[in-house]
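Now for the letters of each chain:
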Amino acid sequence: MRSIASTWRFALAAALALAAAAVAARAQTPPRSTHLVIVVDGLRPDNITPDLMPRLLRLGRRGVVLNAHHSVYPTVTRVNASSLATGAYPETHGLLGNTVYFASVNPTRGLDTGARANLDAIAQAEKQLLTAPSIGEILQRAGRKVLAVGAGTSGAALLLDHTVAGGAVIHHEFTLPRDLAAHVVEKLGPPPPAARPNAARNRRAVDAYLTLGLDEIRADVTFMWISDPDTTAHELGIGTATTRTSLALVDAEIGRIEDTLASRGLLDRTNLIVTSDHGFSTHTGALKLAELVSPFARPMADGSPDIVVAEGAVHFRAAAEDSRVAAIVAALQKRPEVGAIFTRGTTPGGVRGAVPGTLSFDVVRWKHPRSAPILVAANWTRDRNDAGYEGASTQSGVAGHGTSSPHDIHIPLMAAGPDFREQAVSEAPTSNADVAPTLLRLMGIAPPKEMTGRVIEEGLRSGPTPASVRVTRTRETVSTRDGSYVLTAHISTAAGRRYLDFTEVTRR
Ligand SMILES: [Zn+2]
């Protein structure tokens, strides 16, 4: 008896000593930093003015402003959500547009990736939705996790952490994991309806982070998708009164996030990164790609056409004969509403597309087994709209994005927090694919080979100064044999990475 009792006493003493050591270790190790990435959908750099977005301006002044930040092409929401989540370009992650074509899901039509049900259908039919690991999956292996909160489409929210690897996704239409759903409604209330501005839904996404995120889920990385100004500007235009109001409301939410973190003593260990998924252009409505391409389609056995246009991608359901691809490209090059055209490259990594007068998919990092033979951008101008905002494109509707114009590609990026430089400005090019590698770097986790974005070292306190980053700017020009269509890609290079600034077309 006695020996058993003394053994227990010894075991108890040892356990208490271990517990005391653990408490002491925790007291000595400062709590680690967390990271909040706020994606303001459709935010242009010139939206960030003292009257519309004073808090965001102040955040940038507190930290580092990266003035040459790039949207990933095609400059649409879900392509960029996928690049933010994977640190890779479409050539690696395989989400090639807002509308995508998968014959295995629907042989005759493109699929809207804004709808989560379509993403689930792709995942089921193709075995995987994205063909690159997400930061959520990478963090799970390191015992860490991602929270995604979204006020935009269900598809955009899901793509931020599509396998929900040990983390959570909270959106007004769904919560993952499912067993968290009832608790989310209990905490946040029922989801509000959509509105212009979409302030109530944006507020709910912010609340999800400030309550569930900070108190319960405690993710290492949170992605927060804010649906304005995109939602409002698509319908009402850039710079209109309601769109300006939407910007002011988004700015107030950013202020509320900072103030809440500060009041809870968390601001000095939270890295805040604010960016967008794409810019915005005023639309003039002349490009109807499906109509331009339809004369080249042939009937399949069931009578349906053998060409499917999904956004700018021209897919062939059967063989894509070189002659027919060339004929379609030649017809499009004659149309003033058509901008840049991309085809498969003639040499790996080269800029020249296989069809004369086209750039290669490598210029836009779009070469993937899922690619179509032809990718088309709407044309653009520097024309100003009624509110004075520069940039128009030939797409339909009031305003939007998706082209390779500077107004759609050039977007804001700023970061403030314990790991970022203070009161700094950088002119070195960066892109949305560079955000995830930078986050991994801050957590001391090695990026996988699929993560081809770069660490934005010059934005970090520990990194080289922004001025020490050598930036080169080049132009690559291709043209049709008769010179009637000339296409130029403007490219920035830094830290061994190439960034497409914009393309330009001249016709004669
Ligand atoms: Zn968007």
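That block above? That's the structure.
Just so it is clear, the structure is predicted and the values come from calculations on it, not from any experiment.

Asks: Could you give an account of the pattern of salt bridges, with specific residues and numbers?
Replies: In this structure the tally under the stated criterion is 27 salt bridges. The partner of Asp120 in a salt bridge is Arg116, and the shortest N-O contact between them spans 3.8 Å. Here the residue Asp120 and the residue Arg116 both occupy positions in helix H5 (residues 116-126), the gap between them amounting to 4 residues, near one helical turn. Take Asp120: its relative accessible area is 35%, and that puts it in the partly exposed class. With relative accessibility at 18%, the residue Arg116 sits in the buried group.

Asks: Lay out the nonpolar core with the relevant residues and their values.
Replies: If you look at the biggest cluster of nonpolar residues, it comprises 46 residues, and the most contacted ones within it are Ile38, Ile170, Met224 and Ile257. The element best represented in this core is helix H9 (residues 199-217), accounting for 8 residues. Sequence-distant contacts of Ile170, that is, excluding residues within four places in its chain, are made with Leu147, Ala148, Val149, Gly150, Thr175, Val184, Leu188, Ala208, Leu212 and Ile217. Ranked by size, the runner-up nonpolar core spans 45 residues in total, among them Val169, Trp225, Phe420 and Val435.

Asks: Now, about the pairing of strand E17 (residues 390-393): what can you tell me, with residues and values included?
Replies: Here 2 bridges tie strand E10 (residues 281-283) to E17, and the two strands are oriented parallel to one another. Directly across from Thr282, in E17, lies its bridge partner Ala392. Alignment of strand E16 (residues 380-384) against E17, held across 3 bridges, turns out to be antiparallel. Residue pairing in the sheet places Arg384 in a bridge with Glu390 of E17. Connecting E16 to the antiparallel partner E17 that follows it, the hairpin turn spans 5 residues, and Gly388 within it adopts a positive phi of roughly 95 degrees.

Asks: Explain the sheet that holds strand E24 (residues 497-507) to me, and be specific about the residues and the numbers.
Replies: A sheet is described by the order of its strands in space; here 3 strands give the open sequence E22-E23-E24, paired in antiparallel fashion. In this open sheet, the two edge strands, each paired with only one partner strand, are strand E22 (471-479) and E24. Across the sheet, the mean angle separating the axes of adjacent strands is 20 degrees when strand polarity is ignored.

What counts, and where the lines are drawn
- Residues numbered from 1 in each chain as written.
- Predicted model: local features only at pLDDT ≥ 70, side-chain atom pairs only at ≥ 80, totals over all residues.
- Heavy atoms only, no water.
- Salt bridge = Lys/Arg side-chain N within 4 Å of Asp/Glu carboxyl O.
- Helix = DSSP H or I, 4+ residues; strand = E, 2+ residues; numbered from the N terminus.
- Buried < 20%, exposed > 50% of the residue type's maximum accessible area, 1.4 Å probe, protein only.
- Core = buried A, V, L, I, M, F, W, Y, C linked by side-chain atoms within 4.5 Å.
- Contact = heavy atoms within 4.5 Å.
- Pairing = 2+ DSSP bridges.
- Axes fitted to C-alpha atoms, helices over the stretch in contact; angles between N-to-C directions.

Read these as geometric descriptors, not functional statements.
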